[in-house]
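Letter by letter, the chains look like this.
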Amino acid sequence: MTWLRDVGERVVRPPADNLDTSRVGFLIVTADSSEAAQDSLSCLAEALTLSVTP
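We now turn to the structure provided with this report.

How each quantity is defined
Residues numbered from 1 in each chain as written. Predicted model: local features only at pLDDT ≥ 70, side-chain atom pairs only at ≥ 80, totals over all residues. Heavy atoms only, no water. Helix = DSSP H or I, 4+ residues; strand = E, 2+ residues; numbered from the N terminus. Buried < 20%, exposed > 50% of the residue type's maximum accessible area, 1.4 Å probe, protein only. Areas by Shrake-Rupley, 256 points an atom, 1.4 Å probe, with all protein chains shown as cover. Patch = residues over 30% accessible without salt bridge, like charges linked within 9 Å, V, L, I, M, F, W, Y side chains within 5 Å. Salt bridge = Lys/Arg side-chain N within 4 Å of Asp/Glu carboxyl O.

Here the focus is the overall build of the protein chain. A count of helical and extended segments in the protein chain gives one helix and zero strands. Per-residue burial over the protein chain gives 4% buried out of 54 residues. Surface summary for the protein chain: the accessible area is close to 5,400 Å², and the carbon and sulfur share equals 54%.

Shown next, in the form of structure tokens:
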């Protein structure tokens, strides 16, 4: 999933215990074009390891 936000747009955490809108973290990239930004995000997402412990 990728969410794009405008520069300067306020981002707030969702309410606690809301599994539908919870975020694990953010990957923030900058690039000269949207295609380059998507490429960077793809590389970062492929390198990401997520572990969940109940």
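The structure having been displayed, the exposition proceeds.
Our next topic: a nonpolar patch on the surface. Taken together, the side chains of Val11, Phe26 and Ile28 make up a nonpolar region of the molecular surface, amounting to roughly 340 Å² of accessible area. In this fold, Phe26 is placed in the segment before α1 (34-47). Exposure remark for Phe26: the relative accessible area of 56% places this residue in the exposed category.

A few words on the environment of Leu41. With respect to the helices and strands, Leu41 occurs in helix α1. On the basis of relative accessible area, Leu41 is assigned to the buried category, the value being 13%. For the pair Leu41 and Leu27, spaced 14 residues apart in sequence, the C-alpha to C-alpha distance is 7.2 Å.

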